[in-house]
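Structural features, examined
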Amino acid sequence: MFQTEYAQRVFDALESRSSHEPEFLQAVREVLLSIEPVLTKHPEIERNAILERIIEPDRQIKFRVSWVDDAGKVQVNRGYRFEFNSAIGPYKGGLRFHSSVNASILKFLGFEQVFKNSLTGLWMGGGKGGSDFDPHGRSEAEVMRFCQAFMTELYRHIGPDTDVPAGDIGVGGREVAYLFGQYRRLTNQFNGVITGKGLAFGGSLVRTEATGYGLCYYTQEVLRLAMNDSFDGKTVAVSGSGNVAIFAAEKASQLGGKVVTMSDSSGYIHDPDGIDLNLIKEIKLNRRARIAEYIASRPSASFVEGHKVWEVKCDIALPCATQNEIDQADATMLIAAGCKIVAEGANMPTTPEAIDALRAAEVVFCPGKASNAGGVAVSGLEMAQDSARLAWTFDEVDAKLQTIMKNIVASTIAASNRYGLGNDLFLGANIAGFERVVEAMLAQGVI
Ligand code: NDP
């Protein structure tokens, strides 16, 4: 499968030890396949066992989270934090609360985060954590008690210069606030230990919108460079209806696109007139209800239960829900319908087979570790503001976000060209992210 004996050997060894972690293996395989030209050019990487070290988290923390539900029953969940790599800064990456959470999923996310954070150009290492707790259907008081119980263990492992968590699936502003409150109570410290905080207590403007907006800034830049084109007049399919999806849909619309789909785990809505985002925000953010409720207020829309949005014809596809949500059959449908660009808002939403099919059909493919890096980039800007005890304006942060996303496109294209691979966004993103971490690891010696 690999061209180099080194990558093959490292992957074989990992596969035999981690065969029970399919998502982690998938993420490692993708990176190793992409960075082989770097391995060939730089034998010092093998001499210093960089691959063997970069695929092992620095630290894996696993803990019990015991809490009491509204009925007075004791509940027990699993909590995790994978501190993957801190060669270029404190561990940084979100917390995911979802029933599907396990070590494999968090390891793949932590591993990807190392390279994504590197691409932002900021001083952030990679980490990820979470729990198999599912906030859906839980009362406010239950969510608060769970967050407090989770932080009661996590607080001893994190800190503003050590490890800085943030939100992810199931962890939005509400959960971040409860987590921060408990950290502050336990440590008697008010600092930038977690990002995505409320504006009243150390949060940054644009953080809520950052991943979705950043995804569209990145896509816009790629459309401009690759096709001399823009969002204007394009039909856009968005999956998901959480934080990333809502603000991707908002920015895509502001840039002239027509967003016609959104989804949740029950199915998708199709609104050929263009999604009414105020209605989506009311349903998903204010009422925390199911997306199917949308059609009650919009006669132009339909709800398709149990299906994915990729069966709807679009020019631009923005997968913003979860991992492996575009498989080969979905890619085939997107290609047949004339989709020109797939830009990942979620982490690893496209399976390897689907990526191969899209690339073979010359659909422009924007990998999540580059295209969705806007969220963590603004988290980095939140850390900077917290350290400086300053708050920047919306326009200041938004301008910095736009610059960072454009720089990511430029640095991935430059990396790809350095290795004679043309303007390959996919290989370039993995190479550019990898090179910076490797430089830091080589300089810092064997640790
Ligand atoms: P949210 O919890 O806010 O939203 C997730 C959305 O995806 C919901 O609509 C949810 O539907 C849907 N979803 C989740 N799991 C599934 C599933 N198995 N099948 C179908 N739909 C599903 O999460 P975010 O928007 O924050 O995150 C979305 C993706 O973006 C994730 O991959 C995350 O890792 C990635 N990401 C997030 C960043 C951020 O800043 N938040 C930064 C970079 C990447 P339902 O409500 O029914 O569960």
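Residues numbered from 1 in each chain as written. Predicted model: local features only at pLDDT ≥ 70, side-chain atom pairs only at ≥ 80, totals over all residues. Heavy atoms only, no water.

1. Remarks on the site of the ligand
Surveying the vicinity of the ligand reveals 25 residues, the closest of which are Asp168, Thr211, Ser265, Arg290 and Asn347. In this structure, an oxygen atom belonging to the ligand sits 2.6 Å away from a side-chain N or O atom of Arg290. Contact with the protein chains hides 83% of the accessible area of the ligand, taken as 890 Å² for the molecule alone. The set of elements that each furnish at least two residues to the shell around the ligand consists of helix 10 (243-254) and strand 7 (258-264). By residue class, the composition of the shell around the ligand is five nonpolar, 14 polar and six charged. Of the domains in this structure, domain 2 (59-190) and domain 3 (210-371) are the two that each give at least three residues to the shell around the ligand. (Near = heavy atom within 4 Å. Polar contact = N/O pair within 3.5 Å; in protein donor to acceptor, adjacent residues only side chain to side chain. Areas by Shrake-Rupley, 256 points an atom, 1.4 Å probe, with all protein chains shown as cover. Helix = DSSP H or I, 4+ residues; strand = E, 2+ residues; numbered from the N terminus. Nonpolar A, V, L, I, M, F, W, Y, C, P; charged D, E, K, R; others polar. Domains from an automatic or database assignment.)

2. Some details on helix 16 (residues 374-388)
The first and last C-alpha atoms of helix 16 sit 21 Å apart over 15 residues, in line with the 21 Å expected at 1.5 Å per residue. Counting buried positions along helix 16 gives 12 out of 15 residues, so the element sits mostly inside the fold. Turning to helix 16, the residues buried within the fold contact strand 3 (91-97), helix 6 (103-119), strand 5 (163-166), helix 9 (210-227) and helix 17 (394-418). (Expected span 1.5 Å × (residues − 1). Buried < 20%, exposed > 50% of the residue type's maximum accessible area, 1.4 Å probe, protein only. Contact = heavy atoms within 4.5 Å.)

3. Some words on the pattern of salt bridges
Proximity of charged atoms lets side chains of opposite charge pair with each other. Applying the stated rule across the entire model yields 30 salt bridges. With a closest N to O distance of 3.0 Å, Glu5 and Arg9 form a salt bridge. Here Glu5 and its partner Arg9 are both found in helix 1 (residues 5-17), four residues apart, which amounts to about one turn of the helix. Notably, a salt bridge pairs Arg359 with Asp424, separated by 3.1 Å at the nearest N-O pair. With Arg359 in helix 14 (residues 352-360) and Asp424 in the loop between helix 17 and helix 18 (425-444), the pair connects residues that are 65 residues apart, well separated along the chain. What makes Arg359 partly exposed here is its relative accessible area of 31%. A single salt-bridge network, built from bridges that share partners, covers Glu5, Arg9 and Glu46. (Salt bridge = Lys/Arg side-chain N within 4 Å of Asp/Glu carboxyl O.)

4. What to know about the packing of helix 6 against helix 18
Put simply, helix 6 and helix 18 touch, their axes get as near as 8 Å, and they point 85 degrees apart. Classed by the angle they form, the pair helix 6 and helix 18 counts as roughly perpendicular. Where helix 6 abuts helix 18, its residues Val114, Phe115, Asn117, Ser118 and Leu119 lie against Ala429, Ala432, Gly433, Phe434, Arg436 and Val437. Here the residues of the contact of helix 6 with helix 18 sort into seven nonpolar, three polar and one charged. (Axes fitted to C-alpha atoms, helices over the stretch in contact; angles between N-to-C directions. Parallel < 35°, antiparallel > 145°, perpendicular 65-115°, else oblique.)

5. Comments concerning the domain arrangement of the protein
Splitting the protein by domain gives domain 1 (5-54), domain 2 (59-190) and domain 3 (210-371). Of note, the centres of domain 1 and domain 2, computed from C-alpha atoms alone, are 27 Å apart. On the domain 2 side, the residues contacting the 10 residues of domain 1 number 10 residues. A per-residue breakdown of the area domain 1 buries against domain 2 is headed by Glu23, Phe24 and Ile54, which together make up 57% of the total. Applying the counting criterion to the domain 1 and domain 2 interface returns one salt bridge. The residue Lys107 makes a salt bridge to Glu21 at a minimum N-O spacing of 3.0 Å. Our count for the contact surface shared by domain 1 and domain 2 stands at three residue pairs in polar contact (both at pLDDT 80 or more). (Buried area = accessible area lost by both parts, 1.4 Å probe.)

6. What about a nonpolar patch on the surface?
There is a patch of nonpolar side chains on the surface, built from Val68, Val74 and Val76 and spanning about 250 Å² of accessible area. Mapping Val76 onto the fold places it in strand 2 (residues 74-85). (Patch = residues over 30% accessible without salt bridge, like charges linked within 9 Å, V, L, I, M, F, W, Y side chains within 5 Å.)

7. Comments concerning the nonpolar core
Phe111, Met262, Leu318 and Phe434 are the most contacted members of the largest nonpolar core, which has 96 residues in total. For this core, the leading source of residues is helix 18, giving nine residues. Residues in contact with Phe434, not counting those within four places in the same chain, are Ile35, Val38, Leu39, Ile45, Leu51, Ile54 and Phe115. (Core = buried A, V, L, I, M, F, W, Y, C linked by side-chain atoms within 4.5 Å.)

8. Section: the pairing of strand 5
Burial along strand 5 is two-sided: Asp163 and Pro165 facing one way and Val164 and Ala166 facing the other are all buried. Across four bridges, the pairing between strand 3 and strand 5 is parallel. Across the sheet, the residue bridging to Lys92 is Val164, located in strand 5. (Pairing = 2+ DSSP bridges.)

9. Some remarks on the side chain of Glu142
Inspection of the secondary structure puts Glu142 in helix 7 (residues 140-154). Residue Glu142 is classed as buried on the basis of its relative accessible area, which comes to 7%. A distance of 2.9 Å separates a polar side-chain atom of Glu142 from the backbone nitrogen of Asp70. When residues no more than four places from it in sequence are discounted, the contact partners of Glu142 are Trp67, Asp69 and Asp70.

10. Comments concerning helix 8 (residues 173-187)
Since the α-helix advances by 3.6 residues per turn, residues separated by three or four positions end up pointing in the same direction. An ideal rise of 1.5 Å per residue puts 21 Å on 15 residues; helix 8 measures up with 21 Å between its terminal C-alpha atoms. Listed in full, the buried residues belonging to helix 8 are Arg174, Glu175, Val176, Leu179, Phe180, Gln182 and Tyr183. Buried residues belonging to helix 8 abut strand 3 and helix 7. A positive backbone phi angle near 60 degrees is found at Asn188, which sits one or two residues after helix 8.

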